[in-house]
Amino acid sequence: TGTHNLQPSSTGNTFKASPNPFADEITISQVPGKRVVYPVQVVLTDAAGRLILEKSTDSSTSITIPGSGLKPGMYICRIHSGNGAIETLKLIKLN
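Caption draft 1: Just the overall build of the protein, in detail. Along the protein, the regular secondary structure elements total 0 helices and 7 strands. When the helices and strands of the protein are read in sequence order from the N terminus, they spell out β-β-β-β-β-β-β. Buried positions account for 36% of the 95 residues belonging to the protein. Considering only residue pairs separated by 6 or more positions, the protein has 46% of its internal contacts joining residues 24 or more positions apart. Accessible surface, the protein: about 5700 Å² in total, of which carbon and sulfur atoms supply 50%.

Below is the structure:
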């Protein structure tokens, strides 16, 4: 009823982003109790679809993305799991 969430409820998600919106850094982490198939690749693009960053992990339950060098605005974070699943999170960078 007029409310707008930046990211869907984590009940169906395997990953979450916090804090969101962010200024200094944002951490993409596994939702507790959710099963993740490694390796996991995080791909960050700007709103125009330009590649900003790629990071991979074979075992870590979180990946930190530094905010330095990122302009304020919306970013799309695609998380590719080892089983072929892809999850998308919208991230908001503040000043």
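Caption draft 2: Focus on the sheet that holds strand β7 (residues 86-93). Strand order in the open sheet formed by 4 strands is β4-β3-β6-β7, with antiparallel pairing between adjacent strands. The two strands at the open ends of the sheet, each matched to only one other strand, are β4 (51-57) and β7. Each neighbouring strand pair of the sheet contributes to a mean axis angle of 20 degrees, computed without reference to strand direction. In this sheet, β7 lies alongside strand β6 (residues 73-80) in antiparallel orientation, the contact comprising 8 bridges.

Caption draft 3: Here's a closer look at the side chain of D46. Relative to the helices and strands, D46 resides in strand β3 (residues 40-46). A polar contact is formed between the side chain of D46 and the backbone nitrogen of A48, at a distance of 3.0 Å. Within the structure, D46 has its side chain in polar contact with the side chain of R50 (distance 2.8 Å). Residues in contact with D46, not counting those within four places in the same chain, are I52, M74 and Y75.

What counts and how
- Residues numbered from 1 in each chain as written.
- Predicted model: local features only at pLDDT ≥ 70, side-chain atom pairs only at ≥ 80, totals over all residues.
- Heavy atoms only, no water.
- Helix = DSSP H or I, 4+ residues; strand = E, 2+ residues; numbered from the N terminus.
- Buried < 20%, exposed > 50% of the residue type's maximum accessible area, 1.4 Å probe, protein only.
- Contact = heavy atoms within 4.5 Å.
- Areas by Shrake-Rupley, 256 points an atom, 1.4 Å probe, with all protein chains shown as cover.
- Pairing = 2+ DSSP bridges.
- Axes fitted to C-alpha atoms, helices over the stretch in contact; angles between N-to-C directions.
- Polar contact = N/O pair within 3.5 Å; in protein donor to acceptor, adjacent residues only side chain to side chain.

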